[in-house]
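# Summary of structural features
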Amino acid sequence: MRKLALSLVLLVVLSMPAGTVLAQPSAPMNFLALLSGAEEAPARDTLARGAAVFQSNPDGTVLGFRLIVANIENVVAAHIHCGAPGVNAPVGVNLFVGGAPGSGAFNGVLAEGVITGPNPGNGCGWMTLQDVVDAILSGGAYVNVHTNDGVDPSNTGPGDFPGGEIRGQVFLAGPDK
């Protein structure tokens, strides 16, 4: 399992195009979240996995990201939330929104882009990108991916966890040297 996670992380980092992150003369910070059902609250019995890789530019004004998932179905959204491990908390930053319930299997890059700030009026109280980075550095931010098969009731199994199917705390992975 650890080899699979490490392989997935290496694949994400090595496949990240230069345009996704903004390289500057100083060393940017790299952040990582390894997503699984075991990290959700409550834990989810699922084979779905994922990795979210983030890299800041040196002046802290941009956070590039790539979110890759595997063995997941019916993805409807993915976010950065404020919250400690095991605690469900509000959304702070949208990473992927607008997926259709019952959309089927997905493997690969779910979302990538740049973040310049948190969602306006977010439930975390984050006002700036630095607030997001500070939450990550203090262990108070996680990524999760939400699924929905579009059939009632919800939470019936893989592909139908609207509150989140896979999750992982975001942590500092080191500077880019």
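On a predicted model such as this, the values are computed, not experimentally measured, just so you know.

### As for the pattern of salt bridges
What the rule picks out here adds up to one salt bridge. As a salt-bridge pair, R66 and E112 come within 2.6 Å of each other at their nearest N and O atoms. With R66 in strand β3 (residues 63–73) and E112 in strand β6 (residues 105–115), the pair connects residues that are 46 residues apart, well separated along the chain. Note on E112: relative accessible area 40%, which makes it partly exposed.

### What to know about the side chain of N144
Secondary-structure assignment places N144 in strand β7 (residues 141–147). Polar side-chain contacts of N144 include one of 3.2 Å to the backbone oxygen of G163. The residues touching N144, leaving out its near neighbours within four places in the chain, are L35, E40, A77, A78, H79, H81, G163, G164, I166 and R167.

### Here we look at the state of the cysteines
By definition, a disulfide is the covalent link that joins the sulfur atoms of two cysteine residues. Taken as a whole, this structure holds one disulfide when the rule is applied. The residue that forms a disulfide with C82 is C124, at a sulfur-sulfur distance of 2.3 Å. Between C82 and C124 the sulfur-sulfur dihedral comes to about -90°; the bridge is accordingly left-handed. On the criterion of sequence distance, the pair formed by C82 in strand β4 (residues 75–82) and C124 in the loop between β6 and α2 (129–137) is long-range, its members being 42 residues apart. Residues C82 and C124 agree in their burial class; the two are buried.

Conventions we followed
- Residues numbered from 1 in each chain as written.
- Predicted model: local features only at pLDDT ≥ 70, side-chain atom pairs only at ≥ 80, totals over all residues.
- Heavy atoms only, no water.
- Salt bridge = Lys/Arg side-chain N within 4 Å of Asp/Glu carboxyl O.
- Helix = DSSP H or I, 4+ residues; strand = E, 2+ residues; numbered from the N terminus.
- Buried < 20%, exposed > 50% of the residue type's maximum accessible area, 1.4 Å probe, protein only.
- Polar contact = N/O pair within 3.5 Å; in protein donor to acceptor, adjacent residues only side chain to side chain.
- Contact = heavy atoms within 4.5 Å.
- Disulfide = S-S within 2.5 Å.

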